[in-house]
Structures are given as C-alpha cells and as structure tokens.
Amino acid sequence: MFGKKKQPKQAVTVDERLQHIAFIMDGNGRWAQRRGMPREFGHSQGGATFKKIARYCEKVGLKYMTVYAFSTENWKRPQKEVDAIMEILDQYLDECLADKEEQVHFRFVGNLSIFPTSLREKMEKVERESADKPFILNVAVNYGGREEITHACNELIREGRTEITEADISEKLYTVGCPDPDLIVRTGGDLRSSNFLLWQSAYAEYYFTKVLWPDYSTNDVDEAIAEFYKRKRRFGGV
Ligand code: IPE
Ligand code: IPE
Ligand code: MG
C-alpha cells in the first residue's frame, strides 16, 4: 500500500519527544455534503487521505500512529453509511494483503468480536503478515475508550484478580505495547474526544483544526508537529 507510491515532500522530522500521533479523522460527511455528494463519498476520500497521512507520518520518523476510524457509537448511523464504511475497510485490508513492500505494522484496536468472521480473519492476517515492520499503525475500529477500559477490567476479573493497578489496566488495553500518544489531532472543528483513547490520553497534547479530514494535508501535519514542539509538557511537575 505504501511502498510503490510517490513519496510526499518532507518538511519536518521528529525526535524522541514525539513518537506517537493519534488522529480523530473527523469531517468526512460534511466534506461530501458541502459538495452535494452523499456522505459515503466523504468516507472514500477520507480513506485516501488516511493513506497519504500514514505514509507521511512514517516518513517524518514517527514510531506509532493511531487513527480513529469507527467508534462504538458510529453504529447509530444509517445502515447505508455503515455498510459503506465497512466496505472501505474490507477493500483496505485487501490492499494491505496485496502490498508486501509497505513498512507498516498494522494493528486493529477495538472490540473486534462484533465483526463478521471473514473480516476479523482478514484483520488478523494483515496484523500477522505485517508484524515484523517497524512503524506501528493502530487502526481503531468499533473502538470506544469506555468499552476498552471496561473490557480490560473484565479481563482482570476473569483472571481472578481482586485488586488491580494502573499498570494492570494498561496491560489489558487494545493498545498494549504502544506508548501513550504524545499528540492527538482532531480534524473537523469539534473540540471533544468522542470516547477516543480515554485512558491513554491522560497527558497527551491536543491539537484541533477546522480542516475537514478529506482535505487534511501533509502541511497540516507539519503545522500540528510545529505546535507540539512549542508546548511545555509538565506531566504534573513544574
Ligand atoms: C468521521 O467523519 C468518520 C467516521 C466517524 C466514520 P464523519 O462521518 O463523522 O464526518 P462529519 O463529522 O459528519 O462531517
Ligand atoms: C469521532 O467522530 C469518531 C471517528 C472519527 C471515527 P464522530 O463524528 O463520531 O464524533 P461526534 O459524534 O461528532 O462526537
Ligand atoms: Mg463526525
């Protein structure tokens, strides 16, 4: 998926202070509606933007990227829209399986048990076949921060635990093995987390932009990164 494509022009690089960016890819529906097109069209454009941005994030030296692709609440949408998003996901998995050159280790984070077996098996295959690649890309599908924490607690209960630590919960999250995001970018103009990475975002820097996700560009990534480096992270210290 990434290997053969033209590489984007790279303006910035990151260091150890910025290893993980997460994106709330919002605004696909509005982007399409403003063009008099059905919302589904916005999701396919959003898919193309996602590929471009993922390629760029790998290139600038990030180690981890997480994208919010479909939330536990997004099932409330019209069936036609949900079906279109699932179709885009399915096609994307096929592309991932076909392209052996990409340098991306895919992980699908969320409660995957809700998906049909065929889709789940495809996700598992993509994860397995990309597991030796250096850039970790978490794709959050049927993901909800509250669901994730509840699921983690239930796992610990199933193990017979009566007392637990913060580390125990972190170990049971879908994102296990991934450091917390340093920067969370939300496109689309809304100023909320919408149930994304509730546990992991405790000390993340947030960056909000009005740009709708299908319009989001590599220059916009540069801007978010530049803003990140202006922030002073104190983690509760002075
Ligand atoms: C984000 O774009 C993608 C998903 C939630 C799947 P939206 O579809 O929420 O776009 P807006 O916010 O309605 O414009
Ligand atoms: C958040 O966007 C979820 C994803 C981007 C997948 P929503 O469009 O679902 O968020 P709300 O409903 O505006 O809070
Ligand atoms: Mg939205």
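Residues numbered from 1 in each chain as written. Chains lettered and ligands numbered in written order. Predicted model: local features only at pLDDT ≥ 70, side-chain atom pairs only at ≥ 80, totals over all residues. Heavy atoms only, no water.

Details of unusual backbone geometry
- Even without glycine at this site, Asn 142 takes up a positive phi of about 40 degrees.
- Turning to its location among the elements, Asn 142 is positioned in the loop between strand 4 (135–140) and helix 5 (145–158).
- Positioned with a positive phi, Ser 194 is a non-glycine residue whose angle comes to about 50 degrees.
- Its place among the elements puts Ser 194 in the loop between strand 5 (183–186) and strand 6 (205–208). (Helix = DSSP H or I, 4+ residues; strand = E, 2+ residues; numbered from the N terminus.)

Observations concerning the packing of helix 2 (residues 39–59) against helix 3 (residues 79–98)
- In contact at an axis separation of 9 Å, helix 2 and helix 3 are set at 30 degrees when each is read in the N-to-C sense. One finds that helix 2 runs roughly parallel with respect to helix 3. Classified by chirality, the crossing of helix 3 by helix 2 is right-handed. Seen from helix 2, the contacting residues are Arg 39, Glu 40, His 43, Ser 44, Phe 50 and Lys 51; seen from helix 3, they are Lys 80, Glu 81, Ala 84, Ile 85, Ile 88, Tyr 92 and Glu 95. (Axes fitted to C-alpha atoms, helices over the stretch in contact; angles between N-to-C directions. Parallel < 35°, antiparallel > 145°, perpendicular 65-115°, else oblique. Left-handed = near helix turned anticlockwise from the far one by under 90°. Contact = heavy atoms within 4.5 Å.)

A word on the site of ligand 1
- Neighbouring residues of ligand 1: 13 residues in total, closest Asp 26, Gly 29, Arg 30, Arg 39 and Arg 77.
- Between ligand 1 and Asp 26, the relevant distance is 2.8 Å, taken from an oxygen atom to a side-chain nitrogen or oxygen of the residue.
- Here an oxygen atom of ligand 1 sits 3.3 Å away from a polar atom, N or O, in the main chain of Gly 27.
- In isolation ligand 1 exposes 380 Å². Once the protein is present, 87% of that is buried. (Near = heavy atom within 4 Å. Polar contact = N/O pair within 3.5 Å; in protein donor to acceptor, adjacent residues only side chain to side chain. Areas by Shrake-Rupley, 256 points an atom, 1.4 Å probe, with all protein chains shown as cover.)

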